[in-house]
Amino acid sequence: MAYEEPITDYDEIVENCTCAFCGCNCDDLTYLIKDGHVVGVRHACRLGASKVMEDMDQRLLVPMIRNEEGDLVETDWDTALDKAAELIAGSVRPVFYGWSETSVETMKHGIRLGELVGAVLDNQATICHGPSLQAVQNAGYPVNTLGEVKNRADMIVYSGNNAMNSHPRHLGRYSAFPRGYFRKRGRFDKTIVTMDPRYTDTAKMSDIWVGFEQNGDYEFYNAMRAVLRGKKLKKDVISGIPKEDIEDLVEAMKTTQYGSLFFGLGLTHTLSKQRNIDIAINLIQDLNKFTKWNLVPMRGHFNVNGFNIFMAFEMGFPYGVDFSRGYPRYMNGETNTIDLLTREEPDVFMVIAADPGAHFPGGANRHLANIPVIQIDIHWGPSTEIADIVLPGSFIGVEAAGTSYRMDGVPIYMKKAIDKPETCRDDEWIVRELHERVQKIKGSQIASK
Amino acid sequence: MEYIIKNGIVYDPTNKVDGEKKDVMFKDGKIVDSVSSDAKVLDATDKVVMAAGVDPHSHIAGPKLVVGRLYRPEDSRKGIKPKTATTRAETGFSIPSCPTTGYRYSRMGYGTVVEAAMPPLEAKHTHEEILAIPNLDIPALSLFGNNWFVLEYAKENNIDDLATFISKWLKITRGYGVKIVNPGGSEAWGWGMNVHGLDDPVPYWDVTSREVIHALAEANEKLGLPHSIHLHPNDLGHPGNYNTTIDTMDLIKDISKNSPVRDQTVHMTHIQYHSYAGTNWRDFESGAEDVAKFINKNDYVTCDVGQITLDETTTMTADAPMEFDLHQLNGLKWANKDIELETAAGIVPFIYSGRNSVHSVQWAIGLEMFLMVDNPWQVMLTTDSPNAGPFIRYPRVISWLMSNKRRTEMIENGEVHKAVGRKSVLATLDREYDFNEIATISRAAPAKAYGFTDRGHLGVGARADVAVYDINPNDIDPSKEYETIEHAFGNANLTVKDGQIIVQNGDIVSTKESQTIWTNVKGIEEKENALMEKIMPVFDKYYTIKFENYVVHDHYVHNPIEVNVQAGK
């Protein structure tokens, strides 16, 4: 890597900013600001810093509406909002998807709008940690805040997750490296284990790598549970791991003082899906008979956990909540975005702070191409290509303030450091405006009946 | 706007009004003694009129509530009501959604509910949920009993710094008072352990629960906070724990009260869970008599009951090791949440059944406490919602208290296990609460214990928080008509909050934004600043969040009710 000169040319420093990248929500970032732009970021990882600094790259700046020729053309805010409100008010089966990269304050207006028109509100959990949430509903949720790991843990397991690449500061700020109250020597006082079929960068820096077979998670975890419960393993090799290694590993986990397991999509999305997490949660529960263990799902987007928490306290369910009957319904496989789209049910789709164009299966995107799509976002992306109305929002944690929930549920008020581009609007304002405009249309419909 | 609630039969224990037929008037959100002839008349002829209810201990907002909702969709699928023109959709039974919580309390005629456990690190979350609950004033008690700074100050017996710390942390978290849960035990749970009793040292900290409780009580009185320490003692739910409970109350006896607005120096919460005799679940029996006797002799103690309601519910407490034990006991799904440097929590679904001998005896113990504590100002109505049962069961508990006939019926016809007869003295207690006593345990006494002078009563100048119930006290025999009692207290004829009519004939007719009540201690700001300088290096080193982002900003407390206290006065 080439050496880069430190940035010295800036007007202002803003400290204690919160990173709007992953579920770590590192809140110790320093922004270097010049001419109203962030020109440098201190303390952030490369993923976070690049998101904050190269913000203007492909930035959506003005509202756009797709014309009859199929081109997105610039328009004014009133026209774009009215058109979007009209579509939402006239829809029978609207879906509002995304929310994981915006603030809880924005979600508050979104849920009001959703209740008003009987929409489905769903977030990225539907394609990422949805199985984890299902498992939580099956088996339980023994978690801790990240500081508990920093201060107490002497054994940390990463399972189906490559934190070094996906959550680059996780090991440095919260788990392996920091010097905690009871772990004064930091890394030297901690055993790091990676359980992953791939020899990832996280595995490379771990003390133990358990490279079980692809899709072998469920069997491997079951074997660990069996050993923990004093059973003899009948096969010599389980999921590609010699039984002696499993026995040694379980012994180490049992005799540690405080253990913490972090799991990612490598565990939630292999063959057994939520059953993998069920068994991992059960393993943690069993381990607590001997010593202290907790687990935390490695959430991806900075506020993906926030949406689940928000929906749960407002309406009792974490994601995929359907208001079409006037009360919230939550049925996995029925009220989730992908299922709805592949059944071609939705007639209007609003995506906010998410990119289905890049991540949804082809069948789902095909239906999106056939129905009106309203996009609220800050960057041009694959979803913009299928959007019919584009409403440029603002960047939470940089241009707008708002609440976010870290992967462990700790709420953080992400403050504003610079002004948004003049032609953009706050997400919160956009969704509130849509709500008000839809309310007006609905009101006049009732009056004319 | 002026209103007059006409011809009601008023129970206002604070002002010694016991079933008098009189009018209650209010104007601009306050109770007044006269209104003009333009006043709108609300007819309450021969109906019970009380101040709106004050719940001294409930879990309605915060991180463990939301974990309950996240991991129990089966609970959210109960109690569903579609939205109306006034209300949002309702979901949930033991852990209702935030809007639902507000509506249901309003329907019972409540106006103020104390959220009994707020972890400082996640205080913002608690306040976010409070913002999503309509119609109530909500103080939240900040957790101090297992905080590392507190353990350190308690060990050194450094009451001065401890008081300053409490003062500062109430500001930071917008908390109302000092909550202590299983002191030392939740910290020990950081290592999968617990403390057993008052003199078991906390691992690594070289301090005992006894020292922590005493130091916090002393600091609480040094500041002169409006509420006393709010104590969930050690050994919750363990057979034989009544001794610990009595020892705990006893260790406060040398502390002198430093607040004119309350009578107690310690509030013991969900005392039912702490009044168990026996040595294991087989020989488990009631220890209520001894606990009640102690309270009867010592007026520096108040308690709330945590009455078992024999429902399926979701238990949740910062007593995390106890929740793990519970999970081991019933095998249902276990959630846990350990919070760095501060506290922990556990959540486990639970099915209390009248067919189960232990649950039935627990049910009896709660009622024994209600009936054996002589002074209703010392015992308050709670179910420790949702732990011993959801708060919507308060009307049923009231019907049990007012009807010995109903209690006897439950024991005799097998609605509860026959162990109740052998292991408690409930069957021999024929005391029946009257309306005045019900008003005391559900509004007057909790308001007094919290130092709320503006609510819990109907005196001139109080907030116009009023509940009217459709019962004619001169015409009803609650002992026989317990079903009517339960229905009436569950469906207020009228609920007024700050002069706004919220409920009419059991239906929500309007909503208002909830307000957070918090305690702002004044006069030791310099000491606080000095203390913060000492704290900051430790804070920065061991928390995973920057102090600037730890503080609860004004953003999270819309229109708060700030209770100002001069430190030490």
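Counting restarts for each chain: residues are numbered from 1 in the order of the written sequence. Numbering of ligands from 1 and lettering of chains from A proceed in the order in which they are written. Local features in a predicted model are, by the rule used here, given only for residues with pLDDT of at least 70; side-chain atom pairs are given and counted only at 80 or more, and totals for whole chains, interfaces and linings are based on all residues. Excluding hydrogens and water, the side-chain figures rest on all heavy atoms present in the structure.

- Named according to an unreviewed UniProt entry, chain B is Formylmethanofuran dehydrogenase, subunit A originating from Methanobrevibacter arboriphilus JCM 13429 = DSM 1125.

- As recorded by an unreviewed UniProt entry, chain A carries the name Formylmethanofuran dehydrogenase, subunit B and is attributed to Methanobrevibacter arboriphilus JCM 13429 = DSM 1125.

A closer look at the nonpolar core
Working step 1: For this analysis, a nonpolar core means a set of buried residues of the types Ala, Val, Leu, Ile, Met, Phe, Trp, Tyr and Cys, connected via side-chain atoms within 4.5 Å. Accessible area is worked out with a 1.4 Å probe on protein chains only. A residue is then buried under 20% of its type maximum, exposed over 50%, and partly exposed in between. Judged by nonpolar contacts, the single largest core of 270 residues is most densely connected at Met195(A), Trp363(B) and Phe370(B).
Working step 2: To qualify as a helix, a DSSP run of H or I must reach at least 4 residues; to qualify as a strand, a run of E must reach at least 2; elements of each kind are numbered from the N terminus. Top contributing element to this core by residue count: helix H12 (residues 357-372) of chain B, with ten residues.
Working step 3: When residues of this core are sorted by domain, at least three fall in each of domain 1 (60-127 + 302-400 + 420-448) and domain 2 (130-297) of chain A. Per the annotation, domain bounds derive from an automatic or database assignment of domains.

Quick look at the environment of Arg431(B)
Residue and element names in this part refer to chain B.
Working step 1: Its place among the elements puts arginine 431 in the loop between helix H15 (419-423) and helix H16 (435-449).
Working step 2: Classification of arginine 431 by relative accessible area gives buried; the value is 18%.
Working step 3: Put simply, arginine 431 and glycine 499 are 68 residues apart on the chain and 36 Å apart in space, counted from C-alpha to C-alpha.
Working step 4: Leaving out residues up to four positions away in the same chain, arginine 431 has contacts with Phe370, Leu371, Met372, Val373, Asp374, Pro376, Leu401, Arg407 and Glu437.
Working step 5: The definition of a polar contact used here is a pair of N or O atoms within 3.5 Å, where within protein one atom must be able to donate a hydrogen and the other to accept one, and adjacent residues in sequence count solely through side-chain atom pairs. A polar contact of 2.9 Å, which involves the side chain of arginine 431, links it to the backbone oxygen of valine 373.
Working step 6: A polar side-chain atom of arginine 431 sits 3.3 Å from a polar atom in the side chain of glutamate 437. Here a residue-residue contact requires only that any non-hydrogen atoms of the pair lie within 4.5 Å.

Let's talk about the interface of chain B and chain A
A common way to express how large an interface is: the accessible area buried when the components associate.
Working step 1: Of the residues lining the interface, 58 residues belong to chain B; the matching set on chain A comes to 68 residues.
Working step 2: Reported buried area values correspond to the accessible surface (1.4 Å probe) lost by two parts on association, with both partners' losses combined. Carbon and sulfur atoms make up 56% of the surface buried where chain B meets chain A, a total of about 5,400 Å² over both sides.
Working step 3: Looking only at chain B, the three residues that lose the most surface to chain A are Leu70(B), Arg88(B) and Trp191(B), adding up to 14% of its buried area.
Working step 4: The closest approach of N and O atoms between Glu314(A) and Arg88(B), which form a salt bridge, is 2.6 Å.
Working step 5: Counting every contact that joins chain B to chain A gives 38 residue pairs in polar contact (both at pLDDT 80 or more).
Working step 6: Taken together, the elements giving at least two residues each to the side of chain B that touches chain A come down to helix H1 (63-71), helix H2 (73-76), helix H3 (98-107), helix H4 (123-132), helix H11 (320-330), strand E16 (334-339), helix H18 (525-542) and helix H19 (547-550) of chain B.
Working step 7: Three categories are distinguished: nonpolar for Ala, Val, Leu, Ile, Met, Phe, Trp, Tyr, Cys and Pro, charged for Asp, Glu, Lys and Arg, and polar for the others, with Gly belonging to the last. Counted by class, the side of chain B that touches chain A contains 27 nonpolar, 13 polar and 18 charged residues.
Working step 8: Pairing of strand E8 (residues 140-144) of chain A with E16(B) involves five bridges; the strand directions are parallel. Among the inter-strand pairings, Tyr141(A) is bridged to a residue of E16(B), identified as Ala335(B). A pairing counts as a salt bridge when a side-chain nitrogen of Lys or Arg comes within 4 Å of a carboxyl oxygen of Asp or Glu. For two strands to be treated as a pair, DSSP must find at least two bridges joining them.

Some remarks on the layout of surface pockets
Residue and element names in this part refer to chain A.
Working step 1: Buriedness of a pocket was judged along seven lines, with at least five required to meet protein on both sides within 12 Å; pockets are open sets of points on a 1 Å grid over the protein atoms alone, cavities are sets where a 1.4 Å probe fits but cannot get out, and lining residues have an atom within 4 Å of a point. Grid points are joined across faces, edges and corners, and a volume is the space filled by probe spheres set on the points. The space that makes up the largest pocket amounts to roughly 1,200 Å³.
Working step 2: Phe21, Glu101, Gly300, His301 and His359 are, among the 45 residues lining the largest pocket, the residues nearest its centre.
Working step 3: Sorting the residues of the lining of the largest pocket by element identifies helix H1 (46-53), helix H11 (265-268) and strand E19 (373-377) as the ones contributing at least two each.
Working step 4: Counting residues per element, the lining of the largest pocket draws most heavily on E19, at three residues.
Working step 5: Looking at the lining of the largest pocket residue by residue, the classes come out as 16 nonpolar, 19 polar and ten charged.
Working step 6: Split by domain, the residues of the lining of the largest pocket number at least three in each of domain 1 (60-127 + 302-400 + 420-448) and domain 2 (130-297).

Comments concerning helix H8 (residues 209-223) of chain B
Working note: α-helix, 3.6 residues per turn, so residues spaced by three or four point in the same direction.
All names here are of chain B.
Working step 1: The length a helix should cover is 1.5 Å for every residue beyond the first. In this model H8 runs 21 Å from its N-terminal to its C-terminal C-alpha over 15 residues, within 8% of the 21 Å that 1.5 Å per residue would give.
Working step 2: Those residues of H8 not exposed but buried are Ser209, Val212, Ile213, Ala215, Leu216, Ala217, Ala219, Asn220, Glu221 and Leu223.
Working step 3: Glycine 224 occupies a position one or two residues after H8 and carries a positive phi of about 70°.

Quick notes on the confidence of the model for chain B
Working step 1: With 100% of its residues at a pLDDT of 70 or more, chain B shows a mean pLDDT of 97.
Working step 2: Interface confidence for the predicted complex, expressed as ipTM, amounts to 0.97; the pTM equals 0.97. Values of pLDDT, the confidence the predictor places in each residue, fall between 0 and 100.

Regarding the packing of aromatic side chains
Working step 1: Only the six-membered ring of Trp is used, alongside the rings of Phe and Tyr, when aromatic pairs are assigned; centres must lie within 6.5 Å, and planes under 30 degrees apart are stacked while those over 60 apart are edge-to-face, with the rest tilted. Inspection of the entire model under this criterion finds 54 aromatic pairs over all chains.
Working step 2: Between Phe182(A) and Tyr204(B) the ring centres are 5.0 Å apart and the planes differ by 55°, which places this aromatic pair in the tilted class. Of this pair, Phe182(A) sits in the loop between helix H7 (170-174) and strand E10 (191-195) while Tyr204(B) sits in the loop between helix H7 (185-188) and H8, on two different chains.
Working step 3: Residue classification places Phe182(A) among the buried residues on the basis of a relative accessible area of 15%.

Remarks on the pairing of strand E19 (residues 466-469) of chain B
Residue and element names in this part refer to chain B.
Working step 1: Side chains Val466 and Val468 project from E19 onto one buried face, and the interleaved Ala467 and Tyr469 project onto a second face that is buried too.
Working step 2: Pairing geometry for E19 and strand E20 (residues 494-497), over three bridges, is antiparallel. Directly across from alanine 467, in E20, lies its bridge partner threonine 495.

A word on the UniProt feature "domain: Molybdopterin oxidoreductase" (unreviewed entry) in chain A
Working step 1: UniProt positions are given in the numbering used here, feature names are shortened, and annotations may be inferred rather than shown by experiment. Mapped onto the present numbering, the UniProt feature "domain: Molybdopterin oxidoreductase" (unreviewed entry) falls at residues 59-437 of chain A.
Working step 2: In this annotation, residues 59-437 of chain A is assigned 39% helix and 20% strand; the end-to-end C-alpha distance for the span is 26 Å.

A few points about the packing of helix H13 (residues 394-402) of chain B against H16(B)
Two packed helices can be described by the angle between their axes and the distance between those axes.
All names here are of chain B.
Working step 1: Simply put, an axis is a line fit to the C-alpha atoms, just over the touching stretch for a helix, and the angle between two N-to-C directions goes from 0 to 180 degrees. In the contact formed by H13 and H16, the axes pass within 11 Å of each other and the chain directions differ by 140°. On the basis of the axis angle, H13 is oblique to H16. Here H13 and H16 pass one another in a crossing that is right-handed. Residues Ile398, Leu401 and Met402 of H13 form the contact with H16, whose participating residues are Phe435, Ile438 and Ile441. When an angle is under 35 degrees it counts as roughly parallel; over 145 it counts as roughly antiparallel; between 65 and 115 it counts as roughly perpendicular; any other value is oblique. Here a crossing is called left-handed whenever its near helix is offset anticlockwise from the far helix by less than a right angle, and right-handed whenever the offset is clockwise.

Topic: a negative patch on the surface
Residue and element names in this part refer to chain A.
Working step 1: Patch construction takes residues with relative accessible area above 30% that form no salt bridge. Like charges are linked within 9 Å, and nonpolar side chains (Val, Leu, Ile, Met, Phe, Trp, Tyr) are linked within 5 Å. Computed with a 1.4 Å probe, the accessible areas rest on the Shrake-Rupley method; for each residue, only the protein chains presented here act as cover. Charged-residue counts in this description rest on Lys and Arg as positive and Asp and Glu as negative, His and the chain ends being excluded. Charge positions come from single atoms, namely NZ of Lys, CZ of Arg, CG of Asp or CD of Glu. Together, Glu244, Asp245, Asp248 and Glu251 give the surface a local cluster of negative charge.
Working step 2: You can see glutamate 244 is positioned in helix H10 (residues 243-255).
Working step 3: On the basis of relative accessible area, glutamate 244 is assigned to the partly exposed category, the value being 43%.

A few points about unusual backbone geometry
Working step 1: Of the consecutive residues Ser385(B) and Pro386(B), the connecting peptide bond is found in the cis state with omega at 0°.
Working step 2: Position of Pro386(B) relative to the elements: it lies in the loop between strand E18 (379-380) and H13.
Working step 3: A positive phi is found at Gln58(A), a non-glycine position, where the angle reads about 55°.
Working step 4: For Gln58(A), the location among the structural elements is in the loop between H1 and strand E4 (64-66).

As for the domain arrangement of chain A
Residue and element names in this part refer to chain A.
Working step 1: One can read the domain layout of chain A as domain 1 (60-127 + 302-400 + 420-448) and domain 2 (130-297).
Working step 2: One C-alpha centre belongs to domain 1, the other to domain 2, and the line joining them spans 36 Å.
Working step 3: Listed by partner, the interface residues are seven residues for domain 1 and five residues for domain 2.
Working step 4: Scanning the region where domain 1 abuts domain 2 turns up zero salt bridges.
Working step 5: Put simply, domain 1 and domain 2 have four residue pairs in polar contact (both at pLDDT 80 or more) between them.
Working step 6: Within the side of domain 1 that touches domain 2, the residues separate by chemical class into five nonpolar, two polar and no charged.

Describing the pattern of salt bridges
Working step 1: Following the criterion strictly, the structure yields 71 salt bridges over all chains and no others.
Working step 2: Among the ionic pairs, Arg187(A) bridges to Asp207(A), the shortest N-O distance being 3.0 Å. In this pair, Arg187(A) is assigned in the loop between H7 and E10 and Asp207(A) in the loop between helix H8 (201-204) and strand E11 (208-210), connecting sequence segments 20 residues apart.
Working step 3: Of the charged contacts in the structure, one is a salt bridge between Glu122(B) and Lys337(B), with a shortest N-O distance of 3.3 Å. With Glu122(B) in the loop between strand E7 (110-118) and H4 and Lys337(B) in strand E16, the pair connects residues that are 215 residues apart, well separated along the chain.
Working step 4: The class of Glu122(B) is buried, set by a relative accessible area of 0%.
Working step 5: Looking at Lys337(B), the relative accessible area reads 7%, which means it is buried.

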